[in-house]
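# Architecture and fold: a report
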Amino acid sequence: MKRFQLPVVLLAIFLLIQCTKDYPPLNPSDNIKLNQVGYYPESVKEFVLTDDSAGNFRIVNFQREIVFEGALIDRGVWDASGEKVMMGVFTELKTPGYYQIEIENIGVSHGFEIKQKVYEGALRAAIKSYYFQRASMPIEEAYAGIYKRAEGHPDSACTYHPSSGRKEGSLNSPGGWYDAGDYGKYVVNAALSTGQMLDLLELYPDAVPDEVLNLPESGNQQSDLWDELLYELNWIRTMQDSDGGVYHKLTAKGFSGFIMPEDYDLERFIIGKGTAATLDFAAVMAQAGRLSTSADPLWSAEAIIAAEKAWQWALKNKNLPFTNPEDVSTGQYDDDIFSDDFYWAAAELYLATGQKKYLRYLERNPEIYQHQLTNSWKFFVRNNGFHSLLKNRNKLPEDMAEYLLTGHLQLADSILAEIDKNPYRIALDRFEWGSNSDILNQAMLLCVAHSLSGEEKYLDGAERINDYIFGKNATGYCFLTGFGSKRVMSPHHRPSGADEIIEPIPGFIVGGPNKDRQDQSNVQYSSGYPARSYEDQEASFASNEVCINWNAPAVFVLAYLEQNRK
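In this convention, every chain numbers its residues from 1, walking through the sequence in written order. Restriction of local features to residues with pLDDT of at least 70 applies here, the model being predicted, together with a cutoff of 80 or more for giving and counting side-chain atom pairs; totals for whole chains, interfaces and linings are based on all residues. As a convention, hydrogens and water are excluded, and side-chain values are obtained from all of the structure's heavy atoms.

## Remarks on the overall build of the chain
Spelled out, the test is: Helix and strand labels come from DSSP, where a helix needs a run of H or I of at least four residues and a strand needs a run of E of at least two; each type is numbered from the N terminus. Note that the radius of gyration is over C-alpha atoms, with the globule rule given as 2.2 Å times the number of residues to the power 0.38. For the exposure calls, accessible area comes from a 1.4 Å probe over protein chains only, and a residue counts as buried if that area is under 20% of its type's maximum, exposed if over 50%, partly exposed in between.
Of regular secondary structure, the chain possesses 17 helices and 14 strands. Relative to a compact globule of 566 residues, whose C-alpha radius of gyration would be 24 Å, the chain shows 23 Å and is just as compact. Oriented by its inertia axes, the alpha-carbon framework of the chain measures out at about 70 × 55 × 50 Å. The 566 residues of the chain split such that 62% are buried.

Structure (structure tokens):
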């Protein structure tokens, strides 16, 4: 047990410093909005002043000494929030330390820090959130501290729902992560999320070293991130039928109340079977198999064989969409356009096997290089395929490689153009369910563009998006639980709501502003503006839920910045 005593102490210190830090004075102005976690010395550094007018600002240290002065820039009115926006820029301030912004006759900002590795704590928390979502095992005090809990959902004998194609029997399907604020497990979203983080491991295998997250698997000489992803991947593998097709989800027929996992008493079902789940399974298994060839040759070979079997099933069942059966109301993750899923699967299978039939499929069925902002499990999977191909473009025909490179940089430039026009310096213009993941996916695209080109402008754009997530947004909230001065306290997350601990489990990205407010019959929204349609209430599943595919791009972006801002 001694091996875990030091990490537990370090975790306690980390939580004390990073998750409970408050900066004097205690009542900063809500009109001064900035990144409450902080900035690298070499970062672009910006903040906004809303619904107020001023000419200048100054930055002070905690001895109240002025260390920087600048002029505010009028950015006009942001229609999405109804705010008049002024911006301050202090990129030239590079000295590490703790600071506040002061504006005469208006007040001071939340405190912030300038330092190297400024996102290290946020990154580790964002990954560790997946450990707290693990099903079928206890979350132990040695690894979780006060957030320990009993085992929930062994999922050792899940009943086949008629929609699965099986009339009787049960499936042993333990492990994996709870998908969101509920206790369901969904293949489509699991594949997307693990795929995005596998993208990170391909770029930077050592971005998350062994023993930095204090996981049960820590100390096994492989990346803690790979350990966490493997817990999900091994569950995904259980969802493949003997004929190669893949079941859509493992849930009850309806959602449970706000209870702890060990108190859950609803029957668990294997529900649905379709083209999207099967193709996304094929893609992520091929991707994971390719990346684990050296570390675990047997696991790698089995994963690639399973991926090929899924591909063959999908070729025979090209248009089998999933919709919830009449007696099921849990998350649907519906999709009826499968060209992007086929593309991702073909891309990963080609890279994993080298077989020309997959390359021929890609050549004959090109996807348009675009970024759909909403419903990322439907649309972003094509980008997963693009990213893997771009990293391995030496294996592609020259014209295909050029098409993908040009397409990606053009897409990234279009995001930067939108950032330049927006008063808040972000590119998001639609605020729908999971808008925070939409903007983080934009940041991920910019990070990939930086990896391809080395151009600083893409890194600056990704940092501006991170500023939004960490407080420079129309609500003023830091959207990562456990972080920031104005922090989320009541996410729509069953364990956080039922564990009787005041602070929610740290490390979750919440959904963010949502103009549709699907929960407004139970939630009173303080604003009808799209960019302000957010409430820090447990009941607000439309704006304040957590989800694995909202954290995945955050993990990628935070790790990428940590690797590239020294």
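## Quick word on the pairing of strand β7 (residues 97-103)
For clarity, the cut-off: Two strands are said to pair when DSSP picks up at least two bridges between them.
Here β7 lies mainly inside the structure; five of its seven residues are buried. Sheet topology note: the strand β3 (residues 56-61)/β7 ladder contains four bridges and is antiparallel. By the bridge assignment, V60 is partnered in β7 with Q100. As defined by bridge partners, β7 adjoins strand β9 (residues 112-114) across three bridges and the pair is classed as antiparallel. When the bridges of β9 are listed, Y99 appears paired with F112. Here two bridges tie β7 to strand β8 (residues 107-108), and the two strands are oriented antiparallel to one another. What sits directly across from I103, in β8, is G107. Following β7, the chain reverses through three residues before pairing antiparallel with β8; N105 in that reversal takes a positive phi of roughly 70°.

## Brief notes about the pairing of strand β13 (residues 247-251)
In terms of burial, β13 is a largely internal element, five of the five residues being buried. Here two bridges tie strand β12 (residues 185-186) to β13, and the two strands are oriented antiparallel to one another. Counted as the bridge partner of Y186 is K249 from β13. Two strands pair when backbone bridges link them, and β13 and strand β14 (residues 269-273) are joined in this way by four bridges, in the antiparallel orientation.

## Some details on helix α13 (residues 435-453)
Where we set the bar: Here the expected length of a helix is defined as 1.5 Å per residue gap, with one fewer gap than residues.
The first and last C-alpha atoms of α13 sit 27 Å apart over 19 residues, in line with the 27 Å expected at 1.5 Å per residue. In terms of residue burial, α13 counts as a mostly covered element, since 17 of its 19 residues are buried. Two residues or fewer past α13, G454 is found with a positive phi of approximately 75°.

## Overview of the environment of A539
Stated precisely, the cut-off is as follows: Should any heavy atoms of two residues lie within 4.5 Å, those residues are considered in contact.
Positionally, A539 belongs in the loop between α15 (494-498) and α16 (541-544). Remark: the alpha-carbon pair of A539 and D296, spanning 243 residues in sequence, is separated by 43 Å. Those residues within four positions of A539 in sequence are excluded, and the remaining contacts are H492, D519 and V523.

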